[in-house]
Amino acid sequence: MAQKAKKLESYVWSGKDRRGNKAKGELSGVSLALIKAQLRKQGIAPDKVKKKSKPLFGGSKKITRFDVAMLTRQLATMMKAGVPLVQSFDIVADGLENRGLQELVMSVRNDIASGTSFAESLRKHPRQFDDLYCNLVDSGEKSGALEKMLDRIAIYLEKTEILKKKVKKAMTYPIAVVVVAIVVTAILLVKVVPQFESLFNGFGAELPVFTQMVVRLSEWMQTWWFVVLLGIVGVVVLFKESKLRSQKFSDIVDKYILKVPIVGEILDKSAVAKFGRVLSTTFAAGVPLVDALESVAGATGNAIYRDAIMRIRSDVSTGSQLQASMRAQGVFPVMAIQLTAIGEESGNLDGMLEKVAEHYEAVVNDMVDNLTALIEPMIMSVLGVLVGGLIIAMYLPIFQMGQVVG
């Protein structure tokens, strides 16, 4: 049975140095005895050593995919420099500020030190290291090229996370426009319009139709604003839960979101970029094409491409060419198919798939930048129409009264 991994703890200490001067500080280690031994090696005579108290709020920060990418990049760099794997983990752990990540690194390090393989140690932490990551590390260990494989994994993680961030940015902007427009309009209807309404009551004349519509809408909002708010929150929560719990609903959303102007095209090109990046990485690692395609299917982030790639996997397993099967699906761009065909004919499939990934990553990057530039004036236009419309509705009776008096 494998020895249970010990957690890295922070200790605060105070004591005297070699000259007899008072000193204090903080060290990380797995036990109090080891901390004291480490202090003595540094010439410190410890008077008091105790565990650092944990904050009541805040605790460990969440471990993100960028954290995992950074960890992989550091390990690859140190292994290339000839530093042993266990020692590499020690060096990485010392430089980490994220408590949760530090504990994760030491847990994996202790497992490896006790004789467990790197891949098996990672499989104990599925939330941070998925099957694709573990399988690639396993391939690197078995082939004796772990440092090269870690470098490839780091590139794959860095590129996919940057791409994901770009796509999220593209999705967030339109939502932000809608949210800002709704909030500003609601505030005007609930807080500003009623002030004008009391003024209009003293006119004794019939209000313009546009103004009447706005006043009625304001009265309705004042009465039912909490229902509207609960309804919006309910729809958002219901949508998220349905997408998580129902595969069928999630697939329908994936299908129709690709048809949304601009955003749909960004998601489409993003899926192609992920296809090229993941398949290039796995195939270059020596994973058979049929097995690699299975890993790629779940990594594209869209049900249309997932189903298409699973059909490609079925075709390839019966002897079909990859590019021919891609063409038959009707979802892959012509350039992606042509580059794949060149890669198959030249025997450099992983290299050409990497070019597919780089090309479509650049396309997504340009599209997101263009969308950002387009959205900024759109926000001003939408807010201008809404706010301007409400202001015109409020001042229209005053203008008409002025004309009558004149």
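This text goes with the structure placed above it.
The following refers to the structure shown. Only a predicted model underlies this, so the values are computations on that prediction, with no experimental measurement involved.

## A look at helix H12 (residues 303–317)
Logical step 1: End to end, H12 covers 21 Å across 15 residues, agreeing with the expected 21 Å (1.5 Å per residue, within 8%).
Logical step 2: For H12, the full list of buried residues reads Ala303, Tyr305, Ala308, Ile309, Ile312 and Val316.
Logical step 3: Packed against the buried residues of H12 are helix H9 (247–257), helix H10 (263–284), helix H11 (289–299) and helix H13 (322–329).
Logical step 4: Two to three positions downstream of the cap, the backbone nitrogen of Ile304 sits 2.9 Å from a side-chain oxygen, assigning the N-cap of H12 to Asn302.
Logical step 5: Within two residues after H12, Gly319 carries a phi angle of roughly 110°, on the positive side.

## Re H11
Logical step 1: Those residues of H11 that fall on the buried side of the exposure criterion are Leu289, Ala292, Leu293, Val296 and Ala297. For H11, the arc enclosing every buried residue in end-on projection is 145°, short of the 170-degree limit, so these residues lie on one face.
Logical step 2: The positive-phi residue at the C-terminal boundary of H11 is Gly301, with phi of around 80°.

## Some remarks on the packing of aromatic side chains
Logical step 1: On inspection of all chains with the given rule, the structure shows 6 aromatic pairs.
Logical step 2: Between the aromatic rings of Phe239 and Phe249, the centroid separation amounts to 5.7 Å while the plane-to-plane angle is 75°, which identifies the pairing as edge-to-face. In this pair, Phe239 is assigned in helix H8 (residues 209–245) and Phe249 in helix H9, connecting sequence segments 10 residues apart.
Logical step 3: With a relative accessible area of 38%, Phe239 lands in the partly exposed category.
Logical step 4: One aromatic cluster is present, built from ring pairs that chain together Phe275, Tyr305 and Phe332.

## Section: the pattern of salt bridges
Logical step 1: Taken as a whole and assessed by the stated rule, the structure comprises 17 salt bridges.
Logical step 2: Put simply, Arg123 and Glu120 hold a salt bridge, and the shortest N to O gap is 3.0 Å. With a gap of 3 residues between them, Arg123 and Glu120 both fall in helix H5 (residues 118–123), about one helical turn apart.
Logical step 3: The closest approach of N and O atoms between Glu294 and Arg313, which form a salt bridge, is 3.4 Å. Of this pair, Glu294 sits in helix H11 while Arg313 sits in helix H12; the two residues are 19 residues apart in sequence, bridging distant segments of the chain.
Logical step 4: Overall, Arg313 belongs to the partly exposed group, its relative accessible area being 24%.
Logical step 5: Overlapping salt bridges, with partners in common, bring together Arg65, Asp130, Glu161 and Lys164 in one network.

## What about the packing of H12 against H13?
Logical step 1: At their nearest, the axes of H12 and H13 sit 9 Å apart, and the two run at 140° to each other. Relative to H13, the element H12 is oriented oblique. Judged by the sense of rotation from one axis to the other, the crossing of H12 with H13 is right-handed. Contacts between H12 and H13 involve Ala308, Arg311, Ile312, Asp315 and Val316 from the former and Leu322, Ser325, Met326 and Gln329 from the latter.

Calculation rules
- Residues numbered from 1 in each chain as written.
- Predicted model: local features only at pLDDT ≥ 70, side-chain atom pairs only at ≥ 80, totals over all residues.
- Heavy atoms only, no water.
- Helix = DSSP H or I, 4+ residues; strand = E, 2+ residues; numbered from the N terminus.
- Expected span 1.5 Å × (residues − 1).
- Buried < 20%, exposed > 50% of the residue type's maximum accessible area, 1.4 Å probe, protein only.
- Contact = heavy atoms within 4.5 Å.
- Polar contact = N/O pair within 3.5 Å; in protein donor to acceptor, adjacent residues only side chain to side chain.
- Arc of directions from axis to C-beta.
- Phe/Tyr/Trp six-rings, centres within 6.5 Å; stacked < 30°, edge-to-face > 60°.
- Salt bridge = Lys/Arg side-chain N within 4 Å of Asp/Glu carboxyl O.
- Axes fitted to C-alpha atoms, helices over the stretch in contact; angles between N-to-C directions.
- Parallel < 35°, antiparallel > 145°, perpendicular 65-115°, else oblique.
- Left-handed = near helix turned anticlockwise from the far one by under 90°.

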